[in-house]
Amino acid sequence: MKRKDRADIGLLTWHYYKNVGSNLQAYAIQSVINHIGYSCAFINYRGEQRDCVVKNVIRSFCSVVGKYIPGLIPENLRAEAYRFQQDNFYMTKPIYRKKDLKKTRNKFKLFLCGSDQIWAPNVLNEVYLFSFLKDEQVRCSYAASIGLKEIPDELDKVYLKYLNKFSLITVREKQGCQLLKDKYNIDAQCVLDPTFLLPAEQWKRLAKSSGKNHKFLFCYFLGSNAKHRNWVSELQKATGFDVVCLSDNRNEHVSDWEFHYRIGPSHFLGFLLDCEFMVTDSFHGVALAINLQKPFYAVERFTEEDDKNQNSRVYHILTLLGLQKQLIRDCPHGVPTVDYALANHELEKERMRCLNLMREMFAEYCVD
């Protein structure tokens, strides 16, 4: 692990999950801050999963051996995401108890939380609202996501208590901005997910080749909707392309698809770069497809009636960039086409705005 217990900025987000999107957003926010000219480190809080030293050693061993002798370690034991974190992230020592977070108070000038759905009410942990800081310490958010349409009334005291101590609040979706304004009279700014702040060339340098010699479509599903799988099978027939699928369900299998269950961020980027097009229900799948200018179809992971509906993040970015037609609700019949001309113009404008906001934030608050 790249240890860094002191820096200008202490980052707090879901940096340690195996989820590809969580890893890539964490990589992006750290890279952007370093590029702007400030030092940063992840506050390595792992309280939810209660990692133990033995588990970390096993993960490290399997991921290293799998890296150099791929055939020796089964894919389901390779912790590529863990290895990616070890190789790329600057982190404090692991923290497993909330009370130990107080030890980080004097290590950073500014405390920054985000992005990802760290403020979602169904999984809320007040740690990600900086509950462990002293009142006078400076805290801001970048692209924190609430995710859901509503915040239950019983959580109002928690949100109000801690959000009112923030010097600057930015969130990832327009829906989140409106919710904070309507419910708490908090003015938040809407910003891009940090994965959009890195240029495509940087993502390409991070990617590992898929090694595929045949045309294929790449599907990345976090949900379990059988209809979406059927659509991919229909696209397979229509195009003649192979199907490579990254799935969270290790029991999922389709006879003529190639499945991967635990590939890391670099291999994910490689599959995305090498594919003919992508079909995904993942926000970060959509984000990276746009950043890398790949054709894609987006599908809705959640139904409108689902009380955990998180579709707003996909709606928001597609609307912002004028790519609404990439969201499909019926079976498509061929390779998607994407007009990136307008999207690129809007994306570059938003990217500059968000980078300038970050520069101003750090210039104001990262002072001795």
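See the structure shown above.
Sequence order as written defines residue numbering, which begins from 1 separately in each chain. Reporting in this predicted model follows two pLDDT cut-offs: at least 70 for local features of residues, and 80 or more for side-chain atom pairs to be given and counted; totals over whole chains, interfaces and linings ignore these cut-offs and use all residues. The side-chain values count all of the structure's non-hydrogen atoms but skip hydrogen atoms and water molecules.

### Re the overall build of the chain
- Note on conventions: DSSP H or I runs of at least 4 residues are helices, E runs of at least 2 residues are strands, and numbering of each starts at the N terminus. If you tally the helices and strands in the chain, you get eleven helices and 13 strands.
- What the globule rule says is 2.2 Å times the number of residues to the power 0.38, and the radius of gyration is computed from C-alpha atoms. Expected size for 368 residues packed as a compact globule is a radius of gyration near 21 Å; at 20 Å, the chain falls within 12% of this value.
- The C-alpha extent of the chain, read off along each of the three principal axes, is 60 × 45 × 40 Å.
- The contact rule is simple, with two residues in contact once any of their heavy atoms fall within 4.5 Å. Taking the intrachain contacts of the chain between residues at least 6 apart in sequence as the baseline, contacts between residues at least 24 apart amount to 75%.
- Surface accessibility follows the Shrake-Rupley procedure with a 1.4 Å probe radius. Residue values consider only the protein chains on display as shielding. Summing over all exposed atoms, the chain offers an accessible surface of approximately 16200 Å²; the carbon and sulfur share of this is 50%.
- Neither His nor the chain ends is counted toward charge; the positive residues are Lys and Arg and the negative residues Asp and Glu. By convention, the point assigned to a charge is CZ for Arg, NZ for Lys, CD for Glu and CG for Asp. Within the chain, the 43 negative side-chain charges are centred at a point lying 8 Å from the centre of the 51 positive side-chain charges.

### So, the environment of Glu 350
- Position of Glu 350 among the secondary structure elements: in helix 11 (residues 340-365).
- Along the chain, Glu 350 and His 15 lie 335 residues apart, while their C-alpha atoms are 24 Å from each other.
- Beyond its immediate sequence surroundings of up to four residues, Glu 350 is in contact with Leu 192 and Leu 320.

### Description of the sheet that holds strand 10 (residues 242-247)
- For two strands to count as paired, DSSP must find a minimum of two bridges between them. With parallel pairing, five strands are arranged side by side in an open sheet as 11-10-9-12-13. In the strand order of this sheet, the two ends are held by strand 11 (257-260) and strand 13 (296-298), each with one partner. Ignoring which end each strand starts from, the neighbouring axes of this sheet average 20° apart.
- By the bridge criterion, six bridges tie strand 9 (residues 216-221) to strand 10 in an arrangement that is parallel. Of the residues in strand 10, the one forming a bridge with Tyr 220 is Leu 246. Angles shown run from 0 to 180 degrees and are taken between the N-to-C directions of axes, each axis being a line fitted to C-alpha atoms and, for helices, limited to the stretch in contact.

### Some remarks on the packing of aromatic side chains
- Pairing of aromatic rings covers Phe, Tyr and Trp, the last through its six-membered ring, and needs centres within 6.5 Å; plane angles under 30 degrees mean stacked, over 60 mean edge-to-face, and all others mean tilted. With the rule as written, the count across this model stands at 23 aromatic pairs.
- The interplanar angle of 85° and the centroid separation of 5.7 Å between the aromatic rings of Phe 108 and Phe 111 together place this pair among those described as edge-to-face. By the burial criterion, Phe 108 is buried, and Phe 111 matches it.
- The interplanar angle of 25° and the centroid separation of 5.7 Å between the aromatic rings of Trp 257 and Phe 259 together place this pair among those described as stacked. Accessibility assignment for this pair places Trp 257 and Phe 259 in one class, buried.
- Here, a charge over a ring means that NZ of Lys or CZ of Arg falls within 6 Å of the ring centre while also lying within 35 degrees of the ring normal. Note that Arg 172 overlies the ring of Phe 283, its terminal NZ or CZ placed 4.4 Å from the centroid. Whether a residue is buried, partly exposed or exposed follows from its accessible area with a 1.4 Å probe, protein chains only, as a fraction of its type maximum: under 20%, in between, or over 50%, in that order.

### Side note on the pairing of strand 12 (residues 277-280)
- Side chains Phe 277 and Val 279 project from strand 12 onto one buried face, and the interleaved Met 278 and Thr 280 project onto a second face that is buried too.
- Bridge count between strand 9 and strand 12: four bridges; the pairing is parallel. Paired with Phe 218 across the strands is Met 278, a residue of strand 12.
- Where strand 12 meets strand 13, three bridges bridge the pair, whose relative direction is parallel. Across the sheet, the residue bridging to Thr 280 is Ala 298, located in strand 13.
- Traced from strand 12 through helix 9 (residues 283-291) to strand 13, the parallel crossover comes out right-handed. If you view a crossover with the strands going away from you and the path from the first strand over the helix to the second runs clockwise, you call it right-handed.

### Focus on the environment of Glu 348
- Tracing the chain through its elements places Glu 348 in helix 11.
- Residue Glu 348 is classed as partly exposed on the basis of its relative accessible area of 36%.
- Between the alpha carbons of Glu 348 and Phe 196 there is a distance of 9.3 Å; along the sequence they are 152 residues apart.

### Here's the deal with the packing of helix 1 (residues 20-36) against helix 11
- Across the interface, helix 1 lies against helix 11 with an axial gap of 11 Å and an inter-helix angle of 65°. Taken together, the axes of helix 1 and helix 11 lie roughly perpendicular to each other. Between helix 1 and helix 11 the crossing geometry is right-handed. Across from Ile 29, Val 32, Ile 33 and Ile 36 in helix 1, the residues of helix 11 making contact are Leu 355, Met 358, Arg 359 and Phe 362.
- Think of it as three bins: nonpolar holds Ala, Val, Leu, Ile, Met, Phe, Trp, Tyr, Cys and Pro, charged holds Asp, Glu, Lys and Arg, and polar takes everything else, Gly as well. Grouping the amino acids of the contact of helix 1 with helix 11 by side-chain chemistry returns seven nonpolar, no polar and one charged. Put simply, angles under 35 degrees are roughly parallel, angles over 145 are roughly antiparallel, angles from 65 to 115 are roughly perpendicular, and the rest are oblique. For any helix crossing, the convention is left-handed if the near helix is rotated counterclockwise from the far helix by under a right angle, and right-handed if that rotation is clockwise.

### Observations regarding helix 11
- Compared with an ideal rise of 1.5 Å per residue, which puts 26 residues at 38 Å, helix 11 spans 36 Å between its outermost C-alpha atoms and is within 8% of the ideal.
- Two to three positions downstream of the cap, the backbone nitrogen of Ala 341 sits 3.2 Å from a side-chain oxygen, assigning the N-cap of helix 11 to Asp 339. In this analysis, the expected span of each helix is defined as 1.5 Å times one less than the number of residues it contains. Here a polar contact is recorded for every N or O atom pair within 3.5 Å, except that within protein the pair must consist of a potential hydrogen donor and a potential acceptor, and residues adjacent in sequence are included only if both atoms are side-chain atoms.

### Digging into the pattern of salt bridges
- Basic side-chain nitrogens of Lys or Arg form a salt bridge, by our definition, when they fall within 4 Å of a carboxyl oxygen of Asp or Glu. Throughout the structure, instances matching the rule amount to 19 salt bridges.
- A salt bridge links Arg 97 to Asp 100; the nearest nitrogen and oxygen atoms lie 2.9 Å apart.
- What makes Arg 97 partly exposed here is its relative accessible area of 42%.
- A salt bridge links Lys 165 to Asp 135, with the nearest nitrogen and oxygen atoms 2.9 Å apart. Note that Lys 165 is positioned in the loop between helix 4 (156-163) and strand 7 (170-171) and Asp 135 in the loop between strand 5 (110-113) and strand 6 (139-141), a separation of 30 residues in sequence.
- On the basis of relative accessible area, Lys 165 is assigned to the partly exposed category, the value being 27%.

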